[in-house]
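# Fold and contact review
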Amino acid sequence: MLFFVFVFIPVMIVVIPLQALVNALKLPFWNVLPRFFHKVGCVFLGLRVTVIGQPATGRATLLVSNHISWTDIIAIGSVADVTFVAKREVGDWFFVGMMARLQKTIFVDRTRKTDAKRTSTEMGAHMAGGNAVLLFAEGQSDIGTHVLPFRSALVGAAQHAMIEAGATDVLIQPLTIAYTRLQGLPVGRNERSLIAWVKSRSLKQNVVEILGGGVKDVTVAFGAPLSLSQTDDRKAVTRAAENLVRANLVALNRGLQLAVATNR
């Protein structure tokens, strides 16, 4: 509570208006304050982040990741400069929607198939500007023991948008996030329910459990990027990324060496 009152709140008071100004002026270093904010958020939430590999740089990159909890955003945002793709409802949430917009989050309405075109155009424009976009490719959060099938529609849409923007190809980088320890002990299935945001729990209940859960060790593993050109099969590339993430999640949960190469 003392950290929240004397550190987190003052940081928000300073960061929020400054970030709004940076975005309004379209300054190139828009990602500096969000990265700092996420690092402070990790301390507040008790997230101890370990990074394996590194994000791809220098080319248009779409990161595709598994999804376990809303804290994934804080953990990943503390170690990588990315713009997230989120469902439209997030933009309507009190405070959360405002913070998401400050980080240039791209919102997608999954109830409207026609919205994929607008979303892909935004993703393509953002990546064409040298920025990375992260997509939680399962389309929903899960308990963290396995990976749901990745949805290839937005991957393909991003492929076409980048090509329309003049790029010859786009990098698809698999990213795996795993919660491996809670208070220094291996995370079992019962403990995972205190971290993962599952449908049986409300957001309020999940927030309370996260705040009261102690220190959580989180590993963020960047896989070797896959190239996706105009002629490549986006479903095959998406499936390959999914398999990489699934293999790494199993390895991380079991305390084993990563099953596949990472981008080092």
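Above this text sits the structure in question.
The notes below deal with the structure included here. Keep in mind that this is a model prediction, so the values were computed, not measured.

### Considering the overall build of the chain
When its secondary structure is counted, the chain shows nine helices and nine strands. Expressed as lengths along the three principal axes of its C-alpha atoms, the size of the chain is roughly 50 × 45 × 35 Å. The buried share of the chain, reckoned over its 264 residues, is 50%. Long-range pairs, those at least 24 residues apart, make up 76% of the contacts in the chain with a sequence separation of at least 6. A total of about 12800 Å² of accessible surface is found on the chain, and carbon and sulfur atoms cover 61% of it. Charged side chains in the chain number 28 positive and 17 negative. The centres of these two groups are separated by 2 Å.

### Considering the layout of surface pockets
Its volume calculated, the largest pocket comes out at about 1400 Å³. Forming the boundary of the largest pocket are 44 residues, of which Trp 70, Ile 73, Trp 93, Val 96 and Leu 203 lie nearest the centre. Considering each element in turn, the lining of the largest pocket owes the most residues, seven residues, to helix 2 (residues 32-45). Residue classes in the lining of the largest pocket are distributed as 30 nonpolar, 10 polar and four charged.

### Points about the pattern of salt bridges
Throughout the structure, instances matching the rule amount to six salt bridges. The closest approach of N and O atoms between Glu 242 and Arg 246, which form a salt bridge, is 2.8 Å. Placement of both Glu 242 and Arg 246 in helix 9 (residues 234-253) is noted, with a separation of four residues, approximately one turn of the helix. Residues joined in a network through salt bridges with shared partners are Arg 88, Asp 92 and Asp 109.

### Points about the environment of Arg 35
Mapped onto the elements, Arg 35 comes out in helix 2. What Arg 35 contacts, discounting residues up to four positions off in sequence, is Gly 77, Ser 78, Val 79, Ala 80 and Asp 81. At 3.0 Å, the side chain of Arg 35 forms a polar contact with the backbone oxygen of Ser 78.

### Points about the pairing of strand 2 (residues 61-65)
Within strand 2, five of the five residues are buried, which leaves the element mostly enclosed by the surrounding structure. Both faces of strand 2 are covered, namely the face carrying Thr 61, Leu 63 and Ser 65 and the face carrying Leu 62 and Val 64. Note that strand 2 and strand 5 (residues 132-136) share five bridges and pair parallel. The partner of Val 64 across the bridge, within strand 5, is Leu 135. Both strand 2 and strand 6 (residues 169-182) contribute to a ladder of five bridges, which runs parallel. Residue pairing across strands places Leu 62 opposite Ile 172, the latter belonging to strand 6.

### Re the nonpolar core
Formed by 30 residues in total, the largest nonpolar core has its most connected members in Leu 62, Val 64, Val 85, Met 123, Met 127 and Ile 172. Mapped onto this core, the elements with two or more residues apiece are strand 2, strand 4 (106-108), helix 5 (115-128), strand 5, helix 6 (153-164), strand 6 and helix 9. Of all the elements, helix 9 adds the most residues to this core, at six residues. Apart from the residues lying within four places of it in its own chain, the contact partners of Met 123 are Leu 62, Val 85, Ile 106, Val 133, Leu 154 and Ala 158. Judged by nonpolar contacts, the second largest core, of 25 residues, contains Phe 84, Leu 175, Ala 196 and Val 218.

Here is what the cut-offs are and how they apply
- Residues numbered from 1 in each chain as written.
- Predicted model: local features only at pLDDT ≥ 70, side-chain atom pairs only at ≥ 80, totals over all residues.
- Heavy atoms only, no water.
- Helix = DSSP H or I, 4+ residues; strand = E, 2+ residues; numbered from the N terminus.
- Buried < 20%, exposed > 50% of the residue type's maximum accessible area, 1.4 Å probe, protein only.
- Contact = heavy atoms within 4.5 Å.
- Areas by Shrake-Rupley, 256 points an atom, 1.4 Å probe, with all protein chains shown as cover.
- Lys, Arg positive; Asp, Glu negative; His and termini not counted.
- Charge placed at Lys NZ, Arg CZ, Asp CG, Glu CD.
- 1 Å grid on protein atoms, 1.4 Å probe; cavity = no way out; pocket = protein on both sides within 12 Å on 5 of 7 lines; lining within 4 Å.
- Points joined across faces, edges and corners; volume = space filled by probe spheres on them.
- Nonpolar A, V, L, I, M, F, W, Y, C, P; charged D, E, K, R; others polar.
- Salt bridge = Lys/Arg side-chain N within 4 Å of Asp/Glu carboxyl O.
- Polar contact = N/O pair within 3.5 Å; in protein donor to acceptor, adjacent residues only side chain to side chain.
- Pairing = 2+ DSSP bridges.
- Core = buried A, V, L, I, M, F, W, Y, C linked by side-chain atoms within 4.5 Å.

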